[in-house]
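Coordinates in review
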Amino acid sequence: MAGTLIHGSRRRKIATALPFLAPGIILYVLFVAAPIVYSFAMSFFDWNLSNPFQSTWLGLANYRKALNDEVFRRAIVNTVAYSAVTVPSQIALGLGAALLLNHKVRGQPFFRVVYYLPVITNWVIVGVLFKYAFNGQAGLVNFLLRDVLHLIGSNVLWLGDPVLALVPVFLVEIWKGVGWCAVIYLAALQGVPANLMEAATVDGAGPVRRFFSVTLPMLGATTLFLVVVRTIGTLNGYVSNVVITNGGQPMDQTHFVLTLMYKVAFGSLQFGYGAAISYFLTVFIAIVSFVEMRVLQDRGSSI
Amino acid sequence: MNLHSHDAAQKSIVYVLLAVGAAISVFPFWYMLITSLKPQSYIFEIPPTLWPAQATFSNYVKALTRDNFGRYFVNSVGVAGSMTVLTLLCASLLAYAFARLEFPLRRLLFGLVVAGLMIPPVMLIIPQFLVARTLGILDSYAGLVLVYVAMNMPMQSFLLKGFFAGIPIDLEESAFMDGAGRWRVWAQLVMPLSRPALAVVTIFSFIYSLDEFAWAHVSIRTAARRTLPIAIAFFQTQHKTEWGIVFAASVVSLVPIVLLFVTFQRYFIEGITTTGLKG
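The rules behind these values
Every chain is numbered independently, its residues counted from 1 as its sequence is written. Naming scheme: in the order in which they are written, chains are lettered from A and ligands are numbered from 1. This being a predicted model, a pLDDT of at least 70 is required before a residue's local features are given, and a value of 80 or more before pairs of side-chain atoms are given or counted; all residues contribute to the totals for chains, interfaces and linings. To get an axis, a line is fitted to the C-alpha atoms, and for a helix only the part in contact is used. The angle between two axes follows their N-to-C directions and goes from 0 to 180 degrees. Counting from the N terminus, the helices are the DSSP runs of H or I reaching at least four residues and the strands are the DSSP runs of E reaching at least two. Any angle that falls under 35 degrees is termed roughly parallel, while one over 145 is termed roughly antiparallel, one within 65 to 115 roughly perpendicular, and all others oblique. Left-handed describes a crossing in which the near helix is turned anticlockwise from the far one by less than a right angle; the clockwise case is right-handed. By the convention adopted here, residues are in contact when the distance between their C-beta atoms, placed from the backbone, does not exceed 7 Å. The nonpolar class holds Ala, Val, Leu, Ile, Met, Phe, Trp, Tyr, Cys and Pro. Asp, Glu, Lys and Arg form the charged class, and all remaining residues, Gly among them, are polar. Residue-level confidence of the predictor, termed pLDDT, takes values from 0 up to 100. Where each domain begins and ends follows an automated or database-derived domain assignment. Whether a residue is buried, exposed or partly exposed is read from the other C-beta atoms within 10 Å of its own C-beta, which are placed from the backbone; 20 or more gives buried, 12 or fewer gives exposed, and intermediate counts give partly exposed. What we call a nonpolar core is a set of buried Ala, Val, Leu, Ile, Met, Phe, Trp, Tyr and Cys residues whose membership is set by joining through C-beta atoms within 7 Å.

**Quick word on the packing of helix α9 (residues 195-211) of chain B against helix α12 (residues 243-263) of chain B**
Residues and elements named next belong to chain B. Where α9 meets α12, the closest approach of the two axes is 11 Å, and the angle between their N-to-C directions is 160°. As the angle between them shows, α9 and α12 are arranged roughly antiparallel. Seen from above, α9 lies across α12 with left-handed handedness. Counting all contacts with α9, which are made through I203, F206, I207 and L210, the residues of α12 involved are P256, I257 and L260. For the contact of α9 with α12, the per-class residue count stands at seven nonpolar, no polar and no charged.

**Topic: the confidence of the model for chain B**
Residue and element names in this part refer to chain B. Confidence along chain B averages 87 in pLDDT terms, with 94% of residues attaining 70 or more. Within chain B, helix α13 (residues 265-275) has the poorest average pLDDT of any element, 67, and helix α3 (residues 69-100) the best, 95. Here the predicted complex carries an ipTM of 0.86, next to a pTM of 0.88.

**Thoughts on the domain arrangement of chain B**
Residues and elements named next belong to chain B. Taken domain by domain, chain B comprises domain 1 (2-56) and domain 2 (66-275). Summarising the inter-unit geometry, the C-alpha centres of domain 1 and domain 2 are found 34 Å apart. In this complex, domain 1 contributes seven residues to the contact, which on the side of domain 2 involves eight residues. Within the side of domain 1 that touches domain 2, the residues separate by chemical class into three nonpolar, three polar and one charged.

**Describing the domain arrangement of chain A**
Each assigned domain of chain A is listed here: domain 1 (2-32) and domain 2 (63-302). One C-alpha centre belongs to domain 1 of chain A, the other to domain 2 of chain A; they are set 43 Å apart.

**A word on the interface of chain B and chain A**
Of the residues lining the interface, 73 residues belong to chain B; the matching set on chain A comes to 65 residues. Top contributing element to the side of chain B that touches chain A by residue count: helix α1 (residues 2-36) of chain B, with twelve residues. When the residues that make up the side of chain B that touches chain A are grouped by side-chain class, the tally is 55 nonpolar, 13 polar and five charged.

**Re helix α11 (residues 228-238) of chain B**
Taking burial as the measure, the eleven residues of α11(B) include eight buried ones, the bulk of the element. Inspection of α11(B) places L228(B), P229(B), I230(B), A231(B), I232(B), A233(B), F235(B) and Q236(B) among the buried residues, and these make up the whole buried set. The secondary structure elements touched by the buried residues of α11(B) are α5 (123-133) and α11 (239-245) of chain A together with α3, α10 (214-219) and α12 of chain B.

**So, the nonpolar core**
If you look at the biggest cluster of nonpolar residues, it comprises 162 residues, and the most contacted ones within it are A182(A), I277(A), V149(B), A150(B) and I232(B). If we ignore the near neighbours within four places in the chain, the residues touching A182(A) are G94(A), A97(A), A98(A), L101(A) and Y115(A).

**Examining the packing of helix α4 (residues 108-120) of chain A against helix α7 (residues 166-189) of chain A**
Residue and element names in this part refer to chain A. At a closest axis distance of 7 Å, the pairing of α4 and α7 adopts a crossing angle of 125°. In terms of axis orientation, α4 runs oblique to α7. Both α4 and α7 take part in a crossing whose hand is left-handed. Contact residues: α4 offers Y115, Y116, P118 and V119, while α7 offers W175, K176, G179, W180, A182 and V183. A per-class count over the contact of α4 with α7 returns eight nonpolar, one polar and one charged.

**Considering the confidence of the model for chain A**
As a general rule, the predicted coordinates of low-pLDDT regions are not to be interpreted in detail. Of all residues in chain A, 96% attain a pLDDT of 70 or more, and the chain-wide mean is 87. Scored below 50 in pLDDT, residues 1-6 of chain A shows zero contacts in the model against residues more than four places distant or in partner chains.

Dropping the structure here:
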């Protein structure tokens, strides 16, 4: 008797929950969960697009191919450099902006909105704009460097150079990222107890000293959060690179991992190889995030 | 007295630095606007002017008429509107189930949905392409909307679950005493009480959709079905020098986002700081 009762109520619970769960879970399974498994399986095959069941099993060959592919290795280097340069820059500038915005001056709400505008601006639009500014003949950047600041003698062909073409890509990320870091820091700054600051002031600590011995340690958890989230974001860099370098131009030297994945899959229809590349990146991101959390947490606790 | 002037000096330094930052934030918008107002022959003038000396609206007219950007604008807003409504529905139902209902595997399911937050979106593009092809929704608005809802939902249901869980349970219990069922409690009690959270979900979903590039880029083949980001990118690669039109289209496509943001900026900041997620 008791068994059937529990069984019945369990059934009822499922019946109640099912309509709440169904729409979301169905979409999630179709377009998120199944694709994760699907692409994992694909990464071991030479995937046959018209007839998947005739795909050729390759084992780890796609992964080995990636490691031996110079374009892929270059893409890894570019992507890591992108993260290593833009993440610290935007976090440092974001902290600076947050400290400024935290002053109770007139017009503070206005400045807050202005600082956040780059964050909500579409990646494609910003990318296209920077591409125009870095034009090799009559771009604004060349004009500033040559005719105003006299730093260069002749025009630089930014977008035609395998290294310099990434300069605008890096700048877009920093320009867009600062406002977001600033908002997060600003929220965290509200949590720095005022009496702690006052006590430090009474003890004779100047603003610089107060910043390094009170504010910065209090912001440790926020900094860790920003480092991890922006590292993941930048390692997934894609849109601004596609727009500015046309996806790897010149000569496939400016790829990020994901622009290369796009080219491999949708340009040369090697879906299995593309899937392997995306799994590479996912595992790499997981490892980097884990290491960052360990390192920064240990440092935080030792302060 | 001395202290006072020290304060004033500090204040003016803060103002100067704030203004420099604001100029860096705003300048690209100004540059875009100015360029969108230049006639084609002035696009690569030297020295470049940063003032609308020869202002004309011809780029806007061309963008909207000759180059079909009006259509792309409608596509973008239509897709964003539909996906936002569907996201609100799916995410709030899911969040209510996770916050209040008891059913087997609840924790596991919630964990799986939250794990969706950590998956790099572009990584899913290849298999999503194949799933959409099987379902016959490649190159369609439906394909855009459904994938956007699926991708955006984990974050939104996570946010809503937290909010729903914070609603005093006594309210719901007294509604049950009065004979209301689960659906009525959800629709007539929980949802109206959650307006601030639903506003955050609405704004973030709308912006997510307007901003999305990678999936639209892969799935849309028919030119007339393009959304603004891919239309602008395509136009720029095809008409390499017609920058005035590119920026006229960009300015127009920024209008809804900036308006939304300026109107609802309080919700934005709240949403960002409570979820820690990027808009």
